[in-house]
Amino acid sequence: MKTKITELLGIEYPIIQGGMAWVAEHTLAAAVSQAGGLGLIGGASASGDIVRSEIRKAKELTDKPIGVNVMLMSPYADEVAQVIVEEGIKAVTTGAGNPEKYMDMWKNAGVKVMPVVASVALAKRMEKYGADAVVAEGCESGGHIGSQTTMCLVPQVVDAVNIPVIAAGGVADGRGFAAAMMLGAEAVQIGTRFVVSKEAVVHGNYKERIIKAKDIDSEITGQSYGHPIRVLRNKMTREYLRMEKEGASFEELEHLTLGSLRKAVVEGDVVNGSLMAGQIAGLIKEEKTCEEIIKDIMSQAEALLKIQ
Ligand code: TUI
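Below, the structure is looked at part by part.

## As for the overall build of the chain
- Helices and strands together make up the secondary structure of the chain, namely 14 helices and 11 strands.
- A globule of 308 residues ought to have a C-alpha radius of gyration of about 19 Å, and the chain, at 18 Å, matches this closely.
- Taken along the three principal axes of its C-alpha coordinates, the chain extends 50 × 45 × 40 Å.
- Considering the chain as a whole, with its 308 residues, one finds that 54% of them fall into the buried category.
- Total accessible area computed for the chain in this model is approximately 13,300 Å², and 52% of it derives from carbon and sulfur atoms.
- Put simply, the chain has 33 plus and 39 minus side-chain charges, and the middle of one group is 2 Å from the middle of the other.

Here it is as structure tokens:
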């Protein structure tokens, strides 16, 4: 399937992988790219040197292009932004902030820049500053989210900008992919579905929790201090939401979640860890390879889109 995004990035299928902290390592990024999508190394809160090493390991596993996601709240964002240029990375997504200050440096180095936005206003601003595309991410997504749903955000962003729009939030199969195309997207960004892939180095307990998740198992923590994070419900979220309701301070809440994503992804602590996952977790029933995930989405979507 050819779209403006497959052309822009030189990839086979219009599927890009989310930049998930702790999950988007070289094995996953390489597998998604090798399967014809765009795999990304998630910079998260890692140092420039760690990201550089992940990029190099991914390049040993695939000749296809791989990207990097810069988490803009990271204390290492400046370093990671520089490493991207030094390592000849061709595509970048950014999250949790405004990447304006890196835009000139990346553009001059020929990097395609695709900021993740959660509002029309930021999408327009990113276009003005030279973004090549935007990822319009609805609040169905896992992790740090905005307030608008994918169904409402994507068409409004499509109407507001002239650059291609990538839809994110709630897409895990060919139906979601086809729906995103109907909203005017030129590609989708997929996160949670790839967490439950054979190549994602994620503790089995975490994958199992996503597989077992029901439609209503999703919670949003951190709303009270303006950093909403979507996760699957567990002991940690129950405690968090109780404290939040009782007016706990930012510091107390931070203390509860410190290192909690690592705890879930690496140690498999699904009781006290932070199980970041999108609302679509309930749809995911089995682990597959990245190639199977992408092929299944594309064949289901192509069949649906032909009917139109
Ligand atoms: O970034 C994400 N999702 C993430 S980042 C992350 S790591 C993290 N862990 C703990 C606390 C905070 C982050 C986990 N999940 N998605 C992209 C995204 N960006 N969603 C929403 C936004 C966003 C929100 C506000 C982008 C820009 C923005 O405003 C920027 C501005 O200055 O106007």
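## Some points on the state of the cysteines
- All told, the structure shown has zero disulfides when counted by the stated rule.
- Unpaired in terms of disulfides, Cys-152 finds its nearest cysteine sulfur in Cys-139, a separation of 8.9 Å.
- In this structure Cys-152 comes out as partly exposed when scored by relative accessible area, which is 41%.

## Considering the site of the ligand
- Surveying the vicinity of the ligand reveals 14 residues, the closest of which are Ala-96, Gly-97, Val-116, Glu-137 and His-144.
- The side chain of Glu-137 places a nitrogen or oxygen atom 3.0 Å from a nitrogen atom of the ligand.
- Measuring from a nitrogen atom of the ligand, one finds a backbone N or O atom of His-144 at 2.9 Å.
- A total of 720 Å² of accessible area belongs to the ligand in isolation, and the protein chains cover 68% of it.
- Tallied by class, the residues present in the shell around the ligand amount to eight nonpolar, five polar and one charged.

## Thoughts on the sheet that holds strand β7 (residues 143-144)
- Spatial ordering of the open sheet is given by β7-β11-β10, a layout of three strands whose pairing is antiparallel. For this open sheet the edge positions go to β7 and β10 (218-221), each flanked by a neighbour on one side alone.
- Across four bridges, the pairing between β10 and strand β11 (residues 229-232) is antiparallel. Across the sheet, the residue bridging to Ser-218 is Leu-232, located in β11.
- Packing of helix α11 (residues 235-245) onto the sheet brings it into contact with β10 and β11, and relative to β10 it is tilted by some 45°.

## Overview of the sheet that holds strand β8 (residues 165-168)
- Strand order in the open sheet formed by eight strands is β1-β9-β8-β6-β5-β4-β3-β2, and the pairing between neighbours is parallel. If you trace the sheet from one side to the other, it starts and ends with β1 (15-17) and β2 (39-42), each paired once. Ignoring strand direction, the axes of neighbouring strands in this sheet form an average angle of 25°.
- Of the pairings in the sheet, the one linking strand β5 (residues 112-117) to strand β6 (residues 134-137) comprises two bridges and is parallel in character. Directly across from Val-117, in β6, lies its bridge partner Ala-136.
- The strands that helix α4 (residues 77-86) touches are β3 (66-71) and β4 (91-95); relative to β3, the one it contacts most, it runs at about 165°.
- Contacting β3, β4 and β5, helix α5 (residues 100-108) runs over the sheet at an angle of about 150° to β5.

## Observations regarding the pattern of salt bridges
- Under the definition given, this model contains 19 salt bridges.
- A salt bridge links Arg-52 to Glu-86; the nearest nitrogen and oxygen atoms lie 2.9 Å apart. Within this pair, whereas Arg-52 is found in helix α3 (residues 48-61), its partner Glu-86 is found in helix α4, the two being separated by 34 residues in sequence.
- According to the relative accessible area criterion, Glu-86 is partly exposed, its value standing at 44%.
- Where Arg-233 meets Asp-217, a salt bridge forms, and the shortest distance between an N and an O atom there is 3.6 Å. Within this pair, whereas Arg-233 is found in the loop between β11 and α11, its partner Asp-217 is found in the loop between α10 (204-212) and β10, the two being separated by 16 residues in sequence.
- The class for Arg-233 is partly exposed, based on a relative accessible area of 27%.
- Linked by salt bridges that have partners in common, Asp-49, Arg-52, Arg-56, Glu-86 and Glu-87 make up one network.

## Details of α4
- Among the residues of α4, Ala-77, Val-80, Ala-81, Val-83 and Ile-84 are the ones counted as buried. The arc that holds every buried residue of α4, seen down its axis, measures 160°, which confines them to one face.

## Observations concerning the packing of aromatic side chains
- For the structure shown, the criterion picks out two aromatic pairs.
- Consider the rings of Tyr-225 and Phe-250, whose centres lie 4.5 Å apart with planes at 85°: the pair is edge-to-face. Taken together, the residues Tyr-225 in the loop between β10 and β11 and Phe-250 in helix α12 (residues 250-257) connect sequence positions 25 residues apart.

Rules of the game
- Residues numbered from 1 in each chain as written.
- Predicted model: local features only at pLDDT ≥ 70, side-chain atom pairs only at ≥ 80, totals over all residues.
- Heavy atoms only, no water.
- Helix = DSSP H or I, 4+ residues; strand = E, 2+ residues; numbered from the N terminus.
- Rg over C-alpha atoms; globule rule 2.2 N^0.38 Å.
- Buried < 20%, exposed > 50% of the residue type's maximum accessible area, 1.4 Å probe, protein only.
- Areas by Shrake-Rupley, 256 points an atom, 1.4 Å probe, with all protein chains shown as cover.
- Lys, Arg positive; Asp, Glu negative; His and termini not counted.
- Charge placed at Lys NZ, Arg CZ, Asp CG, Glu CD.
- Disulfide = S-S within 2.5 Å.
- Near = heavy atom within 4 Å.
- Polar contact = N/O pair within 3.5 Å; in protein donor to acceptor, adjacent residues only side chain to side chain.
- Nonpolar A, V, L, I, M, F, W, Y, C, P; charged D, E, K, R; others polar.
- Pairing = 2+ DSSP bridges.
- Contact = heavy atoms within 4.5 Å.
- Axes fitted to C-alpha atoms, helices over the stretch in contact; angles between N-to-C directions.
- Salt bridge = Lys/Arg side-chain N within 4 Å of Asp/Glu carboxyl O.
- Arc of directions from axis to C-beta.
- Phe/Tyr/Trp six-rings, centres within 6.5 Å; stacked < 30°, edge-to-face > 60°.

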